[in-house]
Amino acid sequence: MTANTDRLALGGRVAGSRVVLAVYLAVLGVAGTMGALLGYVNPEGLDPTLFFLVDLPATPLGMATFGVVTVGTGLGVLLLAVRYVSRYDESRIE
């Protein structure tokens, strides 16, 4: 029996940053979908305001935009903070 050396090890195929990016994009997709569904249902009193500055219409596109930008900014800031702090981790594996 011979060893198959053509394949990469599992760690080489699935890197941590790629998984985090895939999960981030999936969460943004869910936020956009839920925003569009909320805009389609259009409940009373729903007036999305982006960053307390930009009034968006309560349409499916406006609500999807609100969801993606809000969730993307919040998670993006947290992910950038984790990336910055991880530079100073002395016990990380390279």
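Residues numbered from 1 in each chain as written. Predicted model: local features only at pLDDT ≥ 70, side-chain atom pairs only at ≥ 80, totals over all residues. Heavy atoms only, no water.

1. Looking at helix α2 (residues 16–41)
Then step 1. Along its 26 residues, α2 runs 38 Å from first to last C-alpha, staying within 8% of the 38 Å computed at 1.5 Å per residue.
Then step 2. The set of residues buried in α2 consists of Y24, L28, A31, G32, G35 and G39.
Then step 3. Buried positions along α2 lie against α3 (60–86).
Then step 4. Residue N42 follows α2 closely and has a positive phi angle near 55°. (Helix = DSSP H or I, 4+ residues; strand = E, 2+ residues; numbered from the N terminus. Expected span 1.5 Å × (residues − 1). Buried < 20%, exposed > 50% of the residue type's maximum accessible area, 1.4 Å probe, protein only. Contact = heavy atoms within 4.5 Å.)

2. Some remarks on unusual backbone geometry
Then step 1. Backbone geometry places F51, a non-glycine residue, at a positive phi of 55°.
Then step 2. When you line up the elements, F51 lands in the loop between β1 (49–50) and β2 (54–55).
Then step 3. If you check the backbone angles, F52 has positive phi at about 60° while not being a glycine.
Then step 4. Relative to the helices and strands, F52 is located in the loop between β1 and β2.
Then step 5. We classify F52 as exposed; its relative accessible area is 80%.

3. A short note on a nonpolar patch on the surface
Then step 1. Taken together, the side chains of V19, V20, V23, V27, L75, L78 and L79 define a hydrophobic patch exposed on the protein surface, amounting to about 520 Å² of accessible area.
Then step 2. For the nonpolar patch, the secondary structure elements donating two or more residues are α2 and α3.
Then step 3. Ranked by the residues each element gives to the nonpolar patch, the list is headed by α2, at 4 residues.
Then step 4. By the element assignment, V19 lies in helix α2. (Patch = residues over 30% accessible without salt bridge, like charges linked within 9 Å, V, L, I, M, F, W, Y side chains within 5 Å. Areas by Shrake-Rupley, 256 points an atom, 1.4 Å probe, with all protein chains shown as cover. Salt bridge = Lys/Arg side-chain N within 4 Å of Asp/Glu carboxyl O.)

4. A closer look at the packing of aromatic side chains
Then step 1. Applying the stated criterion to the full structure yields 1 aromatic pair.
Then step 2. The interplanar angle of 75° and the centroid separation of 5.5 Å between the aromatic rings of Y84 and Y88 together place this pair among those described as edge-to-face. (Phe/Tyr/Trp six-rings, centres within 6.5 Å; stacked < 30°, edge-to-face > 60°.)

5. Considering the environment of P60
Then step 1. Mapped onto the secondary structure, P60 falls in helix α3.
Then step 2. Residue P60 is classed as partly exposed on the basis of its relative accessible area of 35%.
Then step 3. Remark: the alpha-carbon pair of P60 and A36, spanning 24 residues in sequence, is separated by 4.1 Å.
Then step 4. Leave out the neighbours within four places in its chain, and P60 touches G35, A36, G39 and Y40.

It is worth stressing that arrangement in space is one thing and function is another; only the former is reported here.
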